[in-house]
Amino acid sequence: QVQLVESGGGLVQAGGSLRLSCAASGRTFISPTMGWFRQAPGKERDFVAAISRGGTSAYYADSVKGRFAISRDNAKNTVYLQMNSLKPEDTAVYYCAATNRRTIGSLTEEYDYWGQGTQVTVSS
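A quick note: this is a predicted structure, and the numbers were derived from the prediction, not measured.

S.K.: Go over the environment of S52, please, and point to the residues and values.
M.R.: Take S52: it is sitting in the loop between strand 5 (45-51) and strand 6 (58-60). Within the structure, S52 has its side chain in polar contact with the backbone nitrogen of T56 (distance 3.2 Å).

S.K.: How would you sum up the state of the cysteines? Please name residues and give values.
M.R.: Applying the stated criterion across every chain, the model contains one disulfide. Across the disulfide from C22 sits C96; the S-S distance is 2.1 Å. Note on the C22 and C96 pair: the S-S dihedral is about -80 degrees, so by sign convention the disulfide is left-handed. Here C96 lies in strand 9 (residues 92-99) and C22 lies in strand 3 (residues 18-26), a separation of 74 residues in the sequence. Exposure remark for C96: the relative accessible area of 0% places this residue in the buried category.

S.K.: Help me get a handle on the pairing of strand 1 (residues 2-7), residues and values and all.
M.R.: Along strand 1, the buried face is formed by V2, L4 and E6; none of Q3, V5 and S7, which line the opposite face, is buried. In this sheet, strand 3 lies alongside strand 1 in antiparallel orientation, the contact comprising six bridges. Following the sheet pairing, Q3 is matched in strand 3 by S25.

S.K.: Describe the packing of aromatic side chains, with residues and values.
M.R.: Within the structure shown, the criterion is met by five aromatic pairs. Joined through ring pairs, the aromatic side chains of F37, F47, Y59, Y111 and W114 make up one cluster. In this structure, R45 packs its charged tip against the face of Y95, placed 3.6 Å from the ring centre.

S.K.: Can you break down the pattern of salt bridges residue by residue, with the values?
M.R.: Tallying each qualifying case throughout the model produces three salt bridges. A salt bridge links D62 to K65; the shortest N-O distance between them is 3.2 Å. You can call D62 exposed: its relative accessible area is 64%. A salt bridge links R67 to D90, with the shortest nitrogen-to-oxygen separation between them at 2.7 Å. In this pair, R67 sits in the loop between strand 6 and strand 7 (68-73) while D90 sits in the loop between strand 8 (78-83) and strand 9, placing the two residues 23 residues apart along the sequence. For D90, a relative accessible area of 0% translates into the label buried. Linked through salt bridges whose partners overlap, the residues forming this network are R38, R67 and D90.

What counts as what
Residues numbered from 1 in each chain as written. Predicted model: local features only at pLDDT ≥ 70, side-chain atom pairs only at ≥ 80, totals over all residues. Heavy atoms only, no water. Helix = DSSP H or I, 4+ residues; strand = E, 2+ residues; numbered from the N terminus. Polar contact = N/O pair within 3.5 Å; in protein donor to acceptor, adjacent residues only side chain to side chain. Disulfide = S-S within 2.5 Å. Buried < 20%, exposed > 50% of the residue type's maximum accessible area, 1.4 Å probe, protein only. Pairing = 2+ DSSP bridges. Phe/Tyr/Trp six-rings, centres within 6.5 Å; stacked < 30°, edge-to-face > 60°. Lys NZ or Arg CZ within 6 Å of the ring centre and 35° of its normal. Salt bridge = Lys/Arg side-chain N within 4 Å of Asp/Glu carboxyl O.

Take it as geometry only, folks, not as evidence of what the structure does.
This is the structure we're talking about:
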């Protein structure tokens, strides 16, 4: 089992920045592939970004390319999501996810473990 705890959400004005963190604990001796998803009210949970086990490969949704950056520190069992140039449409609950699959996936069903989510609100 892997437990994930997100932090760093909050309220920010459009154009601002936030950095989300996700701390993993439990069965983390095999660093999992990690991802970030988000879910706005009344909408499905959408893929945002994912990073490979070693941190050498990353994959982004088109809507966040060039604005968001995913990174990880395996020594700290933590993955980050740096969010710049935030827009009101980025408002959502952001979820951290993990999987022991070797490939980087963008589908929710490809991930086995989920955090409780952190709210990000971008005001116009």
